[in-house]
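For reference, the chains in residue letters:
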Amino acid sequence: MDVNGTVAEGFEPVGEAFAANFELLGERGAAVAVYRDGHRVVDLWAGTRDVDGSAPWEPGTAQVVRSATKGVAAAALLLLHQRGELDLDAPVGMYWPEYKTAGKERTLVRDLLAHRAGVPVLDRPLTPAEAADPDLGAAAVAAQAPVWEPGTDHGYHAQTYSWLTGELVRRVTGRPIGEWIAREMTAPVGAGLWLGLPEDERARVGRVGPLPAPETAGVLKTRPKRAVAEAYADPGSLTRRAFAAITPLPDENDPAYRAAALPASNGIATADGLARFYASLIGEVDGGTRLFTPHTMELARAEQSAGPDRVLVVGTRFGLGYMLHGSASPLLSPGSFGHPGRGGALAFADPGTGIAFGYVTNGFRASVTADPRAQALVRAVRAALGREAG
């Protein structure tokens, strides 16, 4: 496999791991980017643009990144807080009066960010067309009774995170969340990242799809714990119901789906766009823009939820909208914060080392929070830093 791009001196292990993902783990098409102290040190791509095609991946190829979008949505709310427009400790109903129903009256803004709102499911799932309508999505989640008392426990809001965060941004700013993110976040930073894909960017986006497990001898095949497997198999479990809040699952290659703005699941990004975005959360990018102040950065990664996750059925850790380093979602170090996309993508920042990381792929696997391809790249970044320290 021909790997294209550049790797700065000292980060060669990342290039080696990226190539090995194609040779050993069956990667079809992917890209990885790493920034250090606001400067790009890794920019690699290889394979095909489409999971089911033969056209080559090119510089600037973008892909659907699924739940890696959640970290971008969280940044929108934290920026509004940073600017004094949103109080994290205020009830959600202060900004969104219709939300004050069915036992959700005391839900705080920080509860939404930290997956503590108690509404990971919808009693009546939305169709893909309904889910793409922000008014219908907001009304559905506002009417939903919580499955636990808000603020008392946590569970991954796999799909409902879209309408919770999207509507709150719209109530505070008067703008749709995708439009606000483009104007206030991605444009100033110069990040190739979209929530609601513009028509003039369609040509750069590849087709995504399932990727078979690698057949290479000696590759470790992991099996989920029995409790996790049972939760995903049970149609009545919170796990299945949370992911099925949109039923049937959308066609991620449908232009109409990509044009919608679902902050939980349908962001589209280049690897460089994700890495550059996270670099801007922890420092200046290329000597220019920084989105988060140091105080907001610390808020983002301050632990809010930890322990057994009522939806994912494993131990998870969340800050304000971000997954934190742990066994369920290993990042670079205990100080890292970011978000994976189910079955592939990963993006995070590590303030202690100045590292920002972005990985995108067109082939999705069965993993939820710790894809082996992304993890191999994270280990390679760690190894590169270790060499430097040695």
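Here is what the cut-offs are and how they apply
- Residues numbered from 1 in each chain as written.
- Predicted model: local features only at pLDDT ≥ 70, side-chain atom pairs only at ≥ 80, totals over all residues.
- Heavy atoms only, no water.
- Helix = DSSP H or I, 4+ residues; strand = E, 2+ residues; numbered from the N terminus.
- Rg over C-alpha atoms; globule rule 2.2 N^0.38 Å.
- Buried < 20%, exposed > 50% of the residue type's maximum accessible area, 1.4 Å probe, protein only.
- Contact = heavy atoms within 4.5 Å.
- Axes fitted to C-alpha atoms, helices over the stretch in contact; angles between N-to-C directions.
- Left-handed = near helix turned anticlockwise from the far one by under 90°.
- Nonpolar A, V, L, I, M, F, W, Y, C, P; charged D, E, K, R; others polar.
- pLDDT = per-residue confidence, 0-100.
- Core = buried A, V, L, I, M, F, W, Y, C linked by side-chain atoms within 4.5 Å.
- Pairing = 2+ DSSP bridges.
- Salt bridge = Lys/Arg side-chain N within 4 Å of Asp/Glu carboxyl O.

Caption draft 1: Here's a closer look at the overall build of the protein chain. Secondary structure summary: the protein chain contains 13 helices and 14 strands in total. Over its C-alpha atoms the protein chain spans a radius of gyration of 19 Å, differing by no more than 12% from the 21 Å that the globule rule assigns to 390 residues. Counting only C-alpha atoms and orienting by the principal axes, one finds that the protein chain spans roughly 55 × 45 × 40 Å. The burial tally for the protein chain puts 58% of its 390 residues in the buried class. For the protein chain, restricting intrachain contacts to residue pairs at least 6 apart in sequence, the fraction spanning at least 24 positions comes to 69%.

Caption draft 2: Main features of the packing of helix H2 (residues 69-82) against helix H11 (residues 271-282). Interhelical geometry of H2 versus H11 gives an angle of 35° and a closest axis separation of 11 Å. Along this stretch, H2 crosses H11, giving a crossing that reads as left-handed. Contacts between H2 and H11 involve Gly71, Val72 and Ala75 on the former and, on the latter, Phe277, Tyr278 and Leu281. Of the residues assigned to the contact of H2 with H11, the class counts are five nonpolar, one polar and no charged.

Caption draft 3: Representation of unusual backbone geometry within the structure. Looking along the chain, the bond that leaves Thr247 and enters Pro248 is cis, with omega of -5°. Within the secondary structure layout, Pro248 lies in the loop between helix H9 (238-243) and helix H10 (255-259). In this structure, Ala102 takes a positive phi of about 55° despite not being glycine. For Ala102, the position within the fold is in the loop between H2 and helix H3 (109-113).

Caption draft 4: Layout of the confidence of the model for the protein chain. Averaged over every residue, the pLDDT of the protein chain is 95; the share at 70 or more is 97%. Across residues 217-221, where pLDDT falls below 50, the model places four contacts with residues more than four positions away in sequence or in other chains.

Caption draft 5: Representation of the nonpolar core. Ranked by internal contacts, the top residues of the largest apolar core, which has 78 residues, are Met185, Phe277, Phe292, Tyr322 and Phe337. Apart from the residues lying within four places of it in its own chain, the contact partners of Tyr322 are Gly71, Ala74, Ala75, Leu78, Tyr278, Leu281, Phe292, Ala300, Arg317, Phe337 and Gly338. With 26 residues, the next largest nonpolar core counts Val32, Val41, Ile355 and Leu377 among its residues.

Caption draft 6: Examining the pairing of strand E9 (residues 315-318) more closely. On E9, burial follows the alternation: Thr316 and Phe318 on one face are buried, whereas Gly315 and Arg317 on the facing-out side are not. Where strand E8 (residues 305-308) meets E9, four bridges bridge the pair, whose relative direction is antiparallel. Bridge pairing links Ser305 to Phe318 in E9.

Caption draft 7: Highlighting the pairing of strand E12 (residues 346-350). In terms of residue burial, E12 counts as a mostly covered element, since five of its five residues are buried. Along E12, one buried face is formed by Leu346, Phe348 and Asp350 and the opposite face, lined by Ala347 and Ala349, is buried too. Pairing analysis gives four bridges linking strand E11 (residues 337-340) to E12, with the strands arranged antiparallel. Bridge pairing in E12 links Phe337 to Ala349. Linking E11 back to E12 in an antiparallel pair, the connection comprises five residues, with Gly343 at a positive phi of about 80°. The sheet contact formed by E12 and strand E13 (residues 355-361) spans five bridges and is antiparallel. In the strand pairing of E13, Leu346 is matched with Tyr359.

Caption draft 8: Layout of the environment of Ala213. With respect to the secondary-structure elements, Ala213 resides in the loop between strand E6 (209-210) and helix H8 (226-233). Taking the C-alpha atoms as reference, Ala213 lies 7.3 Å from Gly26; in sequence the two are 187 residues apart.

Caption draft 9: Highlighting the sheet that holds strand E5 (residues 193-194). Pairing is antiparallel across the open sheet formed by three strands, whose spatial order is E4-E7-E5. Lying at the two open borders of the sheet, with one neighbouring strand each, are strand E4 (63-64) and E5. For E5 and strand E7 (residues 268-269), the ladder comprises two bridges, and the chain directions are antiparallel. Residue pairing across strands places Leu193 opposite Ala269, the latter belonging to E7.

Caption draft 10: Region of interest: the pattern of salt bridges. Per the stated rule, a full pass over the model turns up 22 salt bridges. The partner of Arg310 in a salt bridge is Asp153, and the shortest N-O contact between them spans 3.7 Å. With Arg310 in the loop between E8 and E9 and Asp153 in the loop between helix H5 (134-143) and helix H6 (161-173), this residue pair connects regions lying 157 residues apart in the sequence. Here Arg310 falls in the partly exposed class, since its relative accessible area comes to 35%. In this structure Asp153 comes out as partly exposed when scored by relative accessible area, which is 25%. Sharing partners across several salt bridges, the network here consists of Glu98, Asp135, Glu167, Arg170 and Arg171.

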